[in-house]
Amino acid sequence: MEIPNIVGAGLIVIGAALGIGRIGGSAMDAIARQPEASGKIQTAMLIAAALIEGIGFAALFAS
Amino acid sequence: MVISNKPLRFILAALVACLPLMSFSNTEKDSAHVQTEEAHGAVSEGHHAAEPTDVKSKIKAFVGHHVLDSHDFTFTQDDETGKYYGFPLPVIIWDNGLHIFSSSKFNHGHTAAESKGNYYAINHHDGKIYRTDASGEIIENEKTGHPENVRPLDFSITKTVVSIFAAALLMFFLFSSLAKSYAKNGGIASGVGRIFEPLVVYIRDEIAIPNIGEKHYRKYMSYLLTIFFFILFLNIFGLTPLGINATGNLTITFSLAILTFLITNLTANKNYWGHIFWMPGVPKPMRIILAPIELLGVFIKPFSLMIRLYANIFAGHIVLMSIIGLMFIFKSWIGSSLSFGLSFVLSILEILVAFLQAYIFTMLSALYFGSAVEEHHHEEGAHH
């Protein structure tokens, strides 16, 4: 029995969403602790999210 | 004349106000007439001699028109009258001799073009030009499905090439007029280019200097600014109904990533290579294990730059066009209006993605340049 490709795509999306969700969560905590640093934290959050999305998309295209 | 005292807020308001201009009302396309090139991934074209009239293949043709490259610039087509709005682009082929002719000779893929005694035709499956006989027939290998005809070297000005030229000209005129306005106005910019001053300052102060450092950032500023605005303008062009998809094309992003790769490795100092092959602060047996992994990283980092930009923009376009196509599949009140709303919201997200991807590409390039020119830090307690 072959596992269809779409199951792999779903797993990739779960992984990417978990990763970005965690980053978003810790970014929220950090901003709540120190609102003055929110600009830097936002920037760092976007960079990390883009990196994770990069892997996610690359894997999605391979699947 | 001061338009606004809070320029960033004004810019955002102006962008949102321009959204109604980006409406996507396209006529349905007849897939038999559409020229396509470089078929990627999920999108495959079905060209038949008979004209397909069902909605699904029309939507496929519509999506294909938007994300695939083509030898003529098609704005739109009217199915009922068969009228075609667009213009042909020059085809430049090297086949033991330079052949230059207009793509109108292909007659939207129906006939073979004749040039200096040779005949060329566009293969409907992959959109590439092959040398054929006078009938324009492309013989396909039975086993592999690949055409057996000879393929000449194709240097044509296709739709993507036109879009790159347009972006380059736009950037050139915008920024040269912005630069000249500084001299005329005593250090303050004037004119439309004022929108870009905060962006340029942002790239310098938040992307270049923190990542590359005060000493060396000026060398890389021109490249960073160029790729930021190049990618940004090409992404924004892709959101128009013209069907331009430059950054969603693997070759374009490959070229940009290759440039970053070359600049990083050709301007790197000894510390960069030291950190790759013989990293300080790590016990010696580990260094031998880590060196090949780090070497692989040298190639994977630009590769990921290429894939990230390509996948984000390409996938975004496919999803957006498919949801617009969904409007025509649901021929009902509620279904079509929901699809319209979803596609509207998605286009707003695509604008964000356009900016974000340009920013990320530039930021990561700056990060790699920074690692290339990093000075030697003396580790505490480390033994060299």
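This text gives an overview of the structure that appears in the document. In this text the structure is predicted, and so the values were computed from the model without any measurement.

What follows concerns the overall build of chain B. Helix and strand counts for chain B come out as nine helices and eight strands. Here chain B holds 384 residues, and the buried ones make up 31% of them. Within chain B, contacts between residues at least 6 apart in sequence are counted, and of these 61% link residues at least 24 apart.

Another point: the overall build of chain A. Along its length, chain A carries two helices and zero strands. For 63 residues, the compact-globule estimate of 2.2 N^0.38 gives 11 Å, and chain A exceeds it by more than 25% at 15 Å. For chain A, the spread of C-alpha atoms along the principal axes amounts to about 55 × 15 × 5 Å. For chain A, with 63 residues in total, the buried portion stands at 8%.

Strand pairing in a sheet takes place through backbone hydrogen bonds and is either antiparallel or parallel in direction. All names here are of chain B. The strand order across the open sheet built from three strands is 5-6-7, with neighbouring strands paired in antiparallel fashion. The open sheet has two edge strands, strand 5 (113-115) and strand 7 (129-132), and neither has a second partner. Taking each pair of neighbouring strands and ignoring which way they run, the sheet shows an average axis angle of 35°.

Right, let's talk about the packing of helix 4 (residues 196-212) of chain B against helix 9 (residues 333-372) of chain B for a bit. The relative placement of two packed helices is expressed as an angle between their axes plus a distance between the axes. Residue and element names in this part refer to chain B. Where helix 4 meets helix 9, the closest approach of the two axes is 7 Å, and the angle between their N-to-C directions is 30°. On the basis of their axis angle, the class for helix 4 and helix 9 is roughly parallel. As for the relative orientation of helix 4 and helix 9, their crossing is right-handed in sense. In this structure, helix 4 uses Ile203, Ile207, Ala208, Asn211 and Ile212 to contact helix 9, whose residues at the interface are Thr362, Met363, Ala366, Leu367, Phe369 and Gly370. Partitioned by chemical class, the residues of the contact of helix 4 with helix 9 number eight nonpolar, three polar and no charged.

Quick notes on the rules
- Residues numbered from 1 in each chain as written.
- Chains lettered and ligands numbered in written order.
- Predicted model: local features only at pLDDT ≥ 70, side-chain atom pairs only at ≥ 80, totals over all residues.
- Helix = DSSP H or I, 4+ residues; strand = E, 2+ residues; numbered from the N terminus.
- Buried ≥ 20, exposed ≤ 12 C-beta atoms within 10 Å, placed from the backbone.
- Contact = placed C-beta atoms within 7 Å.
- Rg over C-alpha atoms; globule rule 2.2 N^0.38 Å.
- Pairing = 2+ DSSP bridges.
- Axes fitted to C-alpha atoms, helices over the stretch in contact; angles between N-to-C directions.
- Parallel < 35°, antiparallel > 145°, perpendicular 65-115°, else oblique.
- Left-handed = near helix turned anticlockwise from the far one by under 90°.
- Nonpolar A, V, L, I, M, F, W, Y, C, P; charged D, E, K, R; others polar.

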